[in-house]
Structures are given as C-alpha cells and as structure tokens.
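Chain by chain, the residues run as shown.
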Amino acid sequence: MSFVITTPLYYVNDKPHLGSVYTTLICDAIARYKRLLGEDVIFITGVDEHGLKIQRTANEKGIEPKSHCDEISEIFNINWKNWDISFDKFIRTSSKNHELVVNEFYERVKASDDIYMGVQKGWYCVGCEEFKDNPSNSSTYKCPIHQKNLEWKNEENLFFKLSKYQKKIEKIINEPSFIEPIERRNEILNFVSKGLKDFSISRTNVSWGIPVPGYDNHTFYVWFDALLGYVSAISSDKADHSLEKSINGGWPADIHLIGKDILRFHAVYWPAMLISAGMKVPKKVFGHGFLTREGQKMGKSLGNVLDPNLLLSKYGNDPVRWYLIKDISLGNDGDFQDRRFVDIINNDLANTIGNLLNRTSSMSRKWFDNKVPNNEKISKENKLEFLASASVENYINKFNIYKLDQAANEVLSLAINTNLYLNERQPWLLIKESDKLPAVKEIIYNVLESTRIIGLLLQPLLPELSSKINLQLGSTYQKDVPWKQQLQWGQLIGDTKLPKPTPIINKLEYE
RNA sequence: GUCUCGGUAGCUCAGCUGGUUAGAGCGGCGGAUUCAUAGCCCGCAGGUCGCGUGUUCAAGUCACGCUCGAGACACCA
C-alpha cells in the first residue's frame, strides 16, 4: 500500500511565494513522517503551466510560453531542493506524458457520455478576459476592475456533466473525513446543496494548452488539465506512461493538501471527473489557511510580500519550518510576525531544546569520561521514561490526524519536562557526594535518552536539526530499524563516545 | 443581499455537551540556582471573556438583536 500526498501544482505565473512554501513544507513533514512509519510514500508536487494567464505573461516578456514555463519550472524545482523537500515526483503539465494521460482520461469521460458541446454565454469583460456572473447584469454594468462595459458573448465550449453527479458528490462530501477542516467542509456542503451545474472544460481562445482531440481550435480548460497532473505524476518517470500505469502505481491520493482558495475544484469537480472516468476519488482534501504578515494580507499592492528565499538564507530551513508548523495550526490562517519568529526560535529551539542537549552532554562528558554513562536503573519508577513514552504516543496520535502544531508542541513539552527533571534532581549537587554516583549515572542516562527521543521525534519536522541532535548524542537514526522501535526507551548505549557539544542552532536577533 | 466562522490578559490563542477564585505560550517584572547557548527553574500579570437583552439556581459556554473582522455564494488560478 502506498501513501500518496500532493501539494497543489503551482501556477507558473510567478516564482514560489511564502504560501506555496508553507504548503510544501507541511506536505514534506507529512511525507517524511509516513516514510518513518514504513509506508511507501509517493510525494507529488509540480507545476501547472497552461492557460491564458501564462500565455499572456509570456507574451509580455516577449518569449514563447514554453520557454517561460521552462524557466519558472526550473526555479520551482531548484527552490524545493533548497528547502530540502523530499518530493518523489515533480510533474509539469506541459510534458508529453501528461498530455497522453489527459487524452486518455478525456476519452474515458467521453465514453461515459459526460461531454457535450454547449455554449458558454454571459457578460464578458475583455480586460479580465473572463465571464462575470452578475445577477443584475445590464449593459450599464461596469467591471469593477477595469471600469469597462461588459460585452455579451457566446462561446462554444465542451462541457462536463457535473450535474449528473450531484448525488454522488453529496455522498462523498458528507463523509466527515473527506474535507478538512470542518469549516471549509460546511462551505462546500452549502455550495453543493444549491445544485451543481455543468462546467466547461475547453476554451477556444487559448492556444497555450492541450489540444482537445477532434476539435481543432479547442484546448482543455486549465483546471481539467491541471488536476490530472496528480494522476500523471505517478507514472511520470515510467518509459511508457499511460493512465493505467498511474492508476496501478498508487492512485488514489491519500491527501491533497491545498490552500483554501482552490478547495472547490478539488472537493467537487475533481471527484466527479474521476468517477466519470471510472477512477477512485482521493481520500481527503485538506484546505489550509492563508498566511498574513504582521496581521495584514500579503499583496503586491501593499508591498509587504515576504520573500521565502530571503527567510531561508537569513534564518535557515529549520527555523522557518518550526515557525510555520508549530505556531500555526493547520487549517487556520496564520500570521507571520518577525518578532514572534525570533522569540519562538530562540525559546523553543535554542533555549529549550538546544540548551537541554548542551547541558546534558556537558555533564555527561565532564563526569563520565566524555561518554554516555551506563544506565544504573536504581529507581523503581522512571518518571522521564513515563513522560517520554506519553509524549511519543501523543505525538503520533496528533500527527496521524494532521495536527502538526500539536505534535510539535508535544516534542517541546518533552524537552521542557526533561529540563524540569534535571532541575528537580540536581545531579550537579549529587556528583559531589561519592556515594551518589549511581544516582547521577541514572539521571544523566535518562536525560540523554529523553533528548535522543526528542531528536528522533523532530526527524520529520526539522530533519537537519534532528540529525544534529542525534549526532551529538552519538546516536544516529538508523534506516534499517523501524522508527517506532527506535523511539522506545532505553536504546542509548552506555559508554558511547560523546562529541564535544556545539550549539545546534544559533540565536536570532530581532532587528 | 443571503449564509458560515470568529471577536477571551500587551501579543498569539485554549476553554467539549452551561457550574468552585477564566487558562497556556510569548513579551514584561521579580526571585533562586550554576550542569548549560546570560541559560534552565520558581513566582508575579488583577483581563467589563466585542456590546445589549433574555433563558436559568448558575453563562465566556445557550437564544435573540447589534457591532467589528474573516470567508463562501461556480469556471482568475
């Protein structure tokens, strides 16, 4: 059984922004987590390259759409590597194999008698190049963006019989686990209950797209094409790619993680399309929130767009991951605040976790010949062992239901509890009494062990920091041993050499 | 316009089916300690729980109204 997780296929109109980085980082954490649990993960990301907007952007730059897409796609690809994203597939919707899959899919949908030629008519703004749905549309209505009169337009389009799937879609979205979070689910339920209308899947005025077989001047509407990228991605690296290859390769997706703005396409149109083609629907569509900055919407007009690459180069990968994962609850909107960012990183990562490792390792080295002490096990019950196993359990429970922020907080509280334990036991006093040596050994072993577990728990969230922690404990994550097994108490081996501790994370300064 | 969600300490937010002195983290202030990255640990924050009315023995927690904010109401992704 494979676990298929997808980011949206990002529109190549512009380079990656913080929002796409956010989505992708979350997916990466989930993908890493599932791999640690031993699942066969297919982590899909990629780019959506067709459509009028791209065509126009390329025209403005005076280049072919294809070269524009090559350029931006490469930026995305490099970008994800810089962020250490562990994706398995990177799909480009302009690729040949994708086109083959789209055509095959289209044939299936056609065979289900779900395609017909219709007329898209309505009030059209030439400036926006789109139809405006205006209840009181009259010829005097002006487009609010362009301040121009609308034109009445008829356009021949191929339509997909979405209305036919009303009942089936209702059934799917009624399943509480299908759409998360629940607030978004209500919106979709409400939308669907008003009755589904067929939607057009082809355009006649867009040349940059996949041609519809049999209709010379038609190309597929970008959404019809883009959603299929999730499917074609699965077989993208196969020599002979076909729809069947993708289906057998792991479809359906276990989770589509997307921004809340594109929920409807994923939770309504997409399942209907899939049913029509005789395919399975995704198991879950998760619409996360948006990021604001210092309480304000980010936008070009406000000039407050936060460049993710700047964050990466200035602060590094793990701090950004920690902030976005731990401080924003998945599904809610989140606010990026410079001050808070610095505080959180310094407190959580440097002071609580980093310093714990540092003080622990220092004591052990100082008193036990630069080594891990042997576990004396003199106490009847081990408080830290109890706390650690509780944290591991909670962490896994939270992660399984995609409450990543709570999982992260679980790690943090284990670190806090471990610091607390140290302060209670005060081994630095006990060490002065020679008969207390066994007790000191036990305490130090426990604390080192707890720290090792903290490091392991951080593996899917902060891969870099995690390995740094374990390295300093002389205990690396072992690929051949199940992660859950390594999370069990008591795996740290006595007499292991401890390297000289160095800070695993530098403190940030607020400017 | 219709509908949905939210308005709780300086900031970010927890508070499930109503019930002892309303909680956490961060920031701020004070204290104790030294193994450690001036760090960890301990204590302090007296907040009309947006406003008003009502239901109730009892409401942050329910109902209604108002107000402010976010969002949905189909082909921009």
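Within each chain, residues carry numbers counting from 1 in the order of the written sequence. Each chain is given a letter, starting from A, and each ligand a number, starting from 1, according to the order in which they appear as written. Given that this is a predicted model, residues contribute local features only at a pLDDT of at least 70 and side-chain atom pairs are listed and counted only at 80 or more, while totals for whole chains, interfaces and linings are drawn from all residues. Calculated side-chain values reflect all of the structure's heavy atoms, with hydrogen atoms and water omitted.

Take the packing of helix α12 (residues 317-326) against helix α13 (residues 338-367) next. Axis separation between α12 and α13 bottoms out at 10 Å; the angle between their running directions is 100 degrees. For the element pair α12 / α13, the angle class is roughly perpendicular. Taking contact as the criterion, the partners of P319, V320, W322, Y323 and K326 in α12 are, on α13, R340, F341, I344, I345, D348 and L349. Residue type decides the class: Asp, Glu, Lys and Arg count as charged, Ala, Val, Leu, Ile, Met, Phe, Trp, Tyr, Cys and Pro as nonpolar, and the leftover types, Gly among them, as polar. Residue classes in the contact of α12 with α13 are distributed as eight nonpolar, no polar and three charged. Axis geometry follows a simple rule: fit a line to the C-alpha atoms, using only the stretch in contact for helices, then measure angles between N-to-C directions, giving values from 0 to 180 degrees. Numbering goes from the N terminus for both helices and strands, where a helix is a DSSP run of H or I of at least four residues and a strand is a run of E of at least two. Convention used here: angles under 35 degrees read as roughly parallel, angles over 145 as roughly antiparallel, angles from 65 to 115 as roughly perpendicular, and any remaining angle as oblique. Contacts are residue-level and defined by heavy atoms, with any inter-residue pair within 4.5 Å sufficient.

Our next topic: the packing of aromatic side chains. Pairing of aromatic rings covers Phe, Tyr and the six-membered ring of Trp, with a centre-to-centre limit of 6.5 Å; geometry is then stacked below 30 degrees between planes, edge-to-face above 60, and tilted otherwise. Evaluated as defined, the whole model comprises 25 aromatic pairs. Between Y33 and Y395, the aromatic rings sit 6.5 Å apart at their centres with planes inclined by 65 degrees, giving edge-to-face as the arrangement. Placement of the pair is Y33 in helix α1 (residues 18-36) and Y395 in helix α14 (residues 383-400), with a sequence separation of 362 residues. Here Y395 falls in the buried class, since its relative accessible area comes to 0%. Ring geometry for F160 versus Y165: centroids 6.0 Å apart, planes at 5 degrees, classification stacked. The same class applies to F160 and to Y165, which are both buried. Linked through ring pairs, F160, Y165, F199, W223, F265 and Y269 together constitute an aromatic cluster. Each residue's exposure class comes from its accessible area (1.4 Å probe, protein chains only) as a fraction of the maximum for that residue type: buried when under 20%, exposed when over 50%, partly exposed otherwise.

Its location among the elements puts E39 in the loop between α1 and β2 (40-48). Residue E39 is classed as partly exposed on the basis of its relative accessible area, which comes to 32%. A sequence separation of 35 residues divides E39 from V4, and the C-alpha atoms of the two residues are 9.9 Å apart. Residues within four places of E39 in sequence aside, it is in contact with F3 and K34.

The domain architecture assigned to chain A consists of domain 1 (2-114 + 161-289) and domain 2 (338-486). In this entry, domain limits derive from an automatic or database-based domain assignment. Taken over C-alpha atoms, the centre of domain 1 sits 41 Å from the centre of domain 2. Here the buried area means the combined drop in accessible surface, using a 1.4 Å probe, for two parts upon being joined, counting both sides. For the domain 1 face of the interface with domain 2, the top three residues by lost area are A29, Y33 and L36, together amounting to 51%. We count a salt bridge whenever a side-chain nitrogen from Lys or Arg sits within 4 Å of a carboxyl oxygen from Asp or Glu. One can count zero salt bridges joining domain 1 with domain 2. Counting of polar contacts relies on pairs of N or O atoms within 3.5 Å, with two restrictions inside protein: one atom must be capable of donating a hydrogen and the other of accepting it, and residues adjacent in sequence are counted only when both atoms are side-chain atoms. The interface formed by domain 1 and domain 2 contains one residue pair in polar contact (both at pLDDT 80 or more). Considering each element in turn, the side of domain 1 that touches domain 2 owes the most residues, seven residues, to α1. A per-class count over the side of domain 1 that touches domain 2 returns nine nonpolar, no polar and four charged.

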